[in-house]
Amino acid sequence: DQLADLRRPLLVMHAPFDNIVGIDNAQDIFVAAKHPKSFVSLDDADHLLTDITDAHYAAAVIASWGQRYLDNERSDHGHDHGVVAQTDPDGFRTEICTGDHRIIADEPTDVGGTNLGPTPYELLSSALAACTTMTMRMYANRKDWDTTGVYVQVSHEKKHDPDQDGKKIDTFTRTLVFSDTSLDSDQKQRLREIADKCPVHKTLSGGAKIETDVVD
C-alpha cells in the first residue's frame, strides 16, 4: 500500500544470484509501485556489491537514471553567483553547484569524511590538469598535431623550499605523459612550453587575491 501511494519515481535493482533477498521480493516491490518505475538486473553481483566493478556499474546506472528526475529540482544559484558550495551538517560531504553542473567533494574516512568525492586539493589539482591538457590540445589542433595518447598527471603536497629558507610551500607536481603518440621530440618540447601558458598554471604560480563578502 505504501509503495502504491509513494508518488515518486522508483528504481528497483536486483541480482538474480542474490542469496539475501530473492527475486520474488524485488518483483513484489516493482509490481506494487506505480509508474514511473524501472527494474535493472545486476547480473551476477552479490547483495552488498562487494565487487568494485559491480558497485561502479550500479552507481553509474543510479546516477544516470536519477538525473531525469533531478533536473527539475536543480538550483540555478551557480548561474548568478559562480560556484556555490554547501557542506552537509554531518561530515564533510560538500555539494558544489556551478551552472548546470553538480560536483561532490569530500574528505577521506581517516579524517572524518565519507570519501564520496575528491578532496578540495584534488579538485584544485584537477583544475590544473584539465586546463593544461586543454591548452595543449588547442595548440596542437592549430598545428594539426595528433595528441592521441597525451595526458596530464598532477599531484599536490607541501614541500620544503630551499629558496624560502626551507619553508614548506604548496607544490604541484605536473607530469606530461606522451604515450603511444607520433609526436617527435621537438613537438613534445613545444607542448611542454605551452603547458606553462595554461591559465590555471599562471594563476597558481603568480598568486591570487581572495576577497570575502558576508551576506545575511
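What counts and how
Residues numbered from 1 in each chain as written. Predicted model: local features only at pLDDT ≥ 70, side-chain atom pairs only at ≥ 80, totals over all residues. Heavy atoms only, no water. Helix = DSSP H or I, 4+ residues; strand = E, 2+ residues; numbered from the N terminus. Rg over C-alpha atoms; globule rule 2.2 N^0.38 Å. Buried < 20%, exposed > 50% of the residue type's maximum accessible area, 1.4 Å probe, protein only. Contact = heavy atoms within 4.5 Å. Areas by Shrake-Rupley, 256 points an atom, 1.4 Å probe, with all protein chains shown as cover. Lys, Arg positive; Asp, Glu negative; His and termini not counted. Charge placed at Lys NZ, Arg CZ, Asp CG, Glu CD. Salt bridge = Lys/Arg side-chain N within 4 Å of Asp/Glu carboxyl O. Polar contact = N/O pair within 3.5 Å; in protein donor to acceptor, adjacent residues only side chain to side chain. Core = buried A, V, L, I, M, F, W, Y, C linked by side-chain atoms within 4.5 Å. Pairing = 2+ DSSP bridges. Axes fitted to C-alpha atoms, helices over the stretch in contact; angles between N-to-C directions. Parallel < 35°, antiparallel > 145°, perpendicular 65-115°, else oblique. Nonpolar A, V, L, I, M, F, W, Y, C, P; charged D, E, K, R; others polar. pLDDT = per-residue confidence, 0-100. Patch = residues over 30% accessible without salt bridge, like charges linked within 9 Å, V, L, I, M, F, W, Y side chains within 5 Å.

Undergrad: Explanation requested: the overall build of the chain in the structure shown.
TA: Tallying secondary structure elements over the chain gives 6 helices and 7 strands in all. Starting at the N terminus and walking to the C terminus, you meet the elements of the chain as β-α-β-α-α-β-β-β-α-β-β-α-α. Over its C-alpha atoms the chain spans a radius of gyration of 24 Å, topping by over 25% the 17 Å that the globule rule assigns to 216 residues. Principal axes of the C-alpha set define a box for the chain whose edges measure 70 × 55 × 35 Å. Within the span of the chain, comprising 216 residues, buried residues form 22% of the whole. For the chain, the proportion of contacts with a sequence separation of at least 24, taken over those separated by at least 6, is 44%. When the accessible area of the chain is evaluated, it comes to approximately 15,700 Å², of which 51% is carbon and sulfur surface. Positive and negative charge centroids in the chain, built from 22 and 37 side chains respectively, lie 8 Å apart.

Undergrad: Teacher, can you tell me more about the side chain of Asp18 here?
TA: Mapping Asp18 onto the fold places it in the loop between strand S1 (10-14) and helix H1 (23-32). Lys37 provides the closest opposite charge to the buried, unpaired Asp18, separated from it by 20 Å. One polar contact links the side chain of Asp18 to the main-chain amide nitrogen of Ile20, over a distance of 2.8 Å.

Undergrad: Teacher, can you tell me more about the nonpolar core here?
TA: Taken as a class, soluble globular proteins show a tendency for nonpolar side chains to be buried jointly. In this structure, Ala129, Met136, Tyr139, Ala140, Trp145, Val150, Val152, Leu176, Leu183, Leu191, Ile194 and Ala195 together form the largest nonpolar core, which totals 12 residues. Of all the secondary structure elements, the ones that give two or more residues to this core are helix H4 (120-143), strand S6 (150-161) and helix H5 (185-195).

Undergrad: Sorry if this is basic, but what is going on with the pattern of salt bridges here?
TA: Side-chain pairs of opposite charge can arise where the charged atoms are in close proximity. Within the structure shown, the criterion is met by 9 salt bridges. Between Glu211 and Lys209 there is a salt bridge, with its nearest N and O atoms 3.7 Å apart. No difference in accessibility class separates Glu211 from Lys209, as the two residues are exposed. Taken together, the salt bridges that share partners define one network made up of Arg174, Arg192 and Asp196.

Undergrad: Please clarify how the pairing of strand S3 (residues 83-87) should be interpreted in this entry.
TA: Two faces, one strand: in a regular strand the side chains alternate between the faces of the sheet. Here S3 lies mainly on the outside; 0 of its 5 residues are buried. Relative to strand S4 (residues 94-98), S3 is paired through 5 bridges, and the arrangement is antiparallel. Paired with Gln86 across the bridge in S4 is Glu95.

Undergrad: Even after reading the chapter, I still don't get the packing of H4 against helix H6 (residues 199-206), so can you show me in this structure?
TA: H6 packs onto H4 with a crossing angle of 135° between their chain directions and a minimal axis gap of 7 Å. Considering their axes alone, H4 and H6 lie oblique with respect to each other. Judged by residue contacts, Leu124, Ala127, Leu128, Cys131 and Thr135 of H4 engage Pro199, Val200, His201 and Leu204 from H6. Along the lines of polarity and charge, the residues of the contact of H4 with H6 split into 7 nonpolar, 2 polar and no charged.

Undergrad: Looking at this structure, I do not really get the side chain of Asp161. What am I missing?
TA: With respect to the helices, strands and loops of the structure, Asp161 is situated in strand S6. Among buried Asp, Glu, Lys and Arg side chains, Asp161 stands out as unpaired, with Lys167 the closest opposite charge at 9.2 Å. Residues contacting Asp161, with those up to four places away along its chain left out, are Gly166, Lys167 and Ile169.

Undergrad: Explanation requested: the confidence of the model for the chain in the structure shown.
TA: Interpretation of the predicted coordinates at a detailed level should be avoided for regions scoring low in pLDDT. Confidence along the chain averages 88 in pLDDT terms, with 95% of residues attaining 70 or more. Considering each helix and strand of the chain separately, the mean pLDDT is smallest for helix H3 (residues 77-81), with a value of 53, and largest for H4, with 96. Note on residues 72-78: pLDDT is under 50 here. Beyond four places in sequence and across chains, it has 13 contacts.

Undergrad: Please explain a negative patch on the surface as it appears in this structure.
TA: A cluster of acidic residues, Asp43, Asp44, Asp46 and Asp51, forms a negative patch at the surface. With respect to the helices and strands, the residue Asp43 is situated in the loop between strand S2 (37-41) and helix H2 (52-70).

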